[in-house]
Amino acid sequence: MYNLANKRVLLGVTGGIAAYKCAELVRRLREQGAEVQVAMTRGAREFVTPLTFQALSGRPVRTELFSNEAEAAMGHIELARWADCVLVAPASANFIARLAAGLADDLLTTLCLATTAPIALAPAMNVQMWNNPATSANVRVLKERGVILFGPATGDQACGETGPGRMLEPGQLVEALTLLFQREDRLRGQCVLITAGPTQETIDPVRYISNRSSGRMGYALCKAALNAGAEVTLITGPVALEPPAGARVVQVRTALEMRDAVMAEAGQADIYIAAAAVADYRCAEDAATKIKKTAGILTLRLTPNPDILAEVAALPRAPFTVGFAAETESLREHAKAKLAGKHLDMIAANLVGEGKGFERPDNALEVYWQGGERSLPLAAKERIATQLMELIADRYHEKNKN
Ligand code: PMT
């Protein structure tokens, strides 16, 4: 059995003596069915030649950020998207520091910044360098951002010292990567229904009421669910985003349209995630023609929209139902009230307004469920979505065990 069949591994090799072990790593990854694309830093090329990796991976090795020839075959952004996982082995102290600083001054750091795939580092360095407070701080920062550490192992080092700092052996790295992908595949075969974006509530043929949702959070969740192996249906309000490839997409405009689309799908869904910012009210009357400007105050009468989330949670065979709560204050109290009041399995609460939550590329969530909670600190929405999807998979499997 091939444990890594069809997995696309972007292997970043940085400058360290352990780079020679990566020839064996590439061989083993391919033995397990993975497609491997190697990217080498300048330092790595002092230890091993690109030709070695080219022969073993079956692909030209990427070394330069600005290379017309390589970019013509697959641009660096395309390459960052291509990867199912980025593994940097060996990861030198210098590379770890540059990644922690958010630099994009060579191909590998740029790929790491541009990818939304999980990033795993296999550190390899002298024991004093590993124990140095600067390295510890950099590693802490990276872990907080969701970067995964494979190792380092403790033992004899090439420099003659003994202690932590040895790169894991190729076999151990393949095993760690297999486990990582198994975690990533945790929703294989499950149907996940996600709503995203705002709704637009008609005032008259040219005007509507809406909100500031960009759809980024919902679209990131869609991608995270696809990465976890799920079949995903995305029901989206009007946004300016390209839907993730692989999802079934239903475009809607109003809350009533979103409700109809959700209720048509909810019966088949295993998990429902309501990230859309659905308008709570719509106009009681749709004006058939454009409302004319008058001197006085114009009053619009609003009527409540159905609460889609509560309706789904109340279905006799309700999917595992995850709501969002967008609040400007008292996040915990309001979120917990929504969790209990709408009988949800989980709620992800975010502060919005004053440059938070809406429209931005990043977000922070407080996640609550019956008997548990977890903070997901500020990070790119893609990263937050991956972390939330892991929590959802944990709770979903836990619930279905019983
Ligand atoms: O799209 P972005 O710019 O990336 O911003 C992301 C976000 C801030 C919109 C997102 O993270 C978020 O918080 N989405 C939910 C916004 C919202 O409508 O929150 P709420 O507290 O008003 O509603 C609570 C829950 O009920 C939500 O899951 C909502 O989808 C659902 N709801 C609300 C009203 C309604 N009529 N039907 C519903 O299903």
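So, a few notes on the structure that sits alongside this text. (Residues numbered from 1 in each chain as written. Predicted model: local features only at pLDDT ≥ 70, side-chain atom pairs only at ≥ 80, totals over all residues. Heavy atoms only, no water.)

### Focus on the sheet that holds strand β3 (residues 85-91)
Part 1 of the reasoning: Judged by pairing direction, the sheet is parallel, and its five strands sit side by side in the order β2-β1-β3-β4-β5 without closing on themselves. Unpaired on one side and paired on the other, β2 (35-40) and β5 (148-149) mark the two borders of the sheet.
Part 2 of the reasoning: When β3 meets strand β4 (residues 119-123), the two strands line up parallel, connected through four bridges. From the neighbouring strand, Leu87 faces β4, where its bridge partner is Ala120.
Part 3 of the reasoning: On top of the sheet, helix α1 (residues 21-31) reaches β1 (8-13), β2 and β3; it is set at about 180° to β1, its chief contact.
Part 4 of the reasoning: Docked against the sheet, helix α2 (residues 50-57) engages β1 and β2, running at close to 170° with respect to β2. (Pairing = 2+ DSSP bridges. Helix = DSSP H or I, 4+ residues; strand = E, 2+ residues; numbered from the N terminus. Contact = heavy atoms within 4.5 Å. Axes fitted to C-alpha atoms, helices over the stretch in contact; angles between N-to-C directions.)

### Section: the pairing of strand β7 (residues 162-166)
Part 1 of the reasoning: Relative to β7, strand β6 (residues 153-156) is paired through four bridges, and the arrangement is antiparallel. By the bridge assignment for β7, Gly155 is matched with Gly163.
Part 2 of the reasoning: Between β6 and β7, which follow one another and run antiparallel, lie five residues, and Gly160 among them has a positive phi close to 100°.

### Overview of the site of the ligand
Part 1 of the reasoning: Surrounding the ligand, one finds 29 residues, the nearest of these being Ser213, Ser214, Lys338, Asn350 and Glu359.
Part 2 of the reasoning: The separation between an oxygen atom of the ligand and a polar side-chain atom of Ser214 is 2.6 Å.
Part 3 of the reasoning: In the environment of the ligand, an oxygen atom lies 2.6 Å from a nitrogen or oxygen atom belonging to the backbone of Ala276.
Part 4 of the reasoning: Here the ligand has 780 Å² of accessible area as a free molecule, and 95% of this is covered by the chains.
Part 5 of the reasoning: In this structure the site holding the ligand corresponds to the largest pocket.
Part 6 of the reasoning: Elements supplying a minimum of two residues to the shell around the ligand: α10 (216-227), α12 (308-313) and β16 (320-327).
Part 7 of the reasoning: Of all the elements, β16 adds the most residues to the shell around the ligand, at four residues.
Part 8 of the reasoning: Here the residues of the shell around the ligand are counted per class, giving 15 nonpolar, seven polar and seven charged. (Near = heavy atom within 4 Å. Polar contact = N/O pair within 3.5 Å; in protein donor to acceptor, adjacent residues only side chain to side chain. Areas by Shrake-Rupley, 256 points an atom, 1.4 Å probe, with all protein chains shown as cover. 1 Å grid on protein atoms, 1.4 Å probe; cavity = no way out; pocket = protein on both sides within 12 Å on 5 of 7 lines; lining within 4 Å. Sits in = over half its atoms within 2 Å of the grid points. Nonpolar A, V, L, I, M, F, W, Y, C, P; charged D, E, K, R; others polar.)

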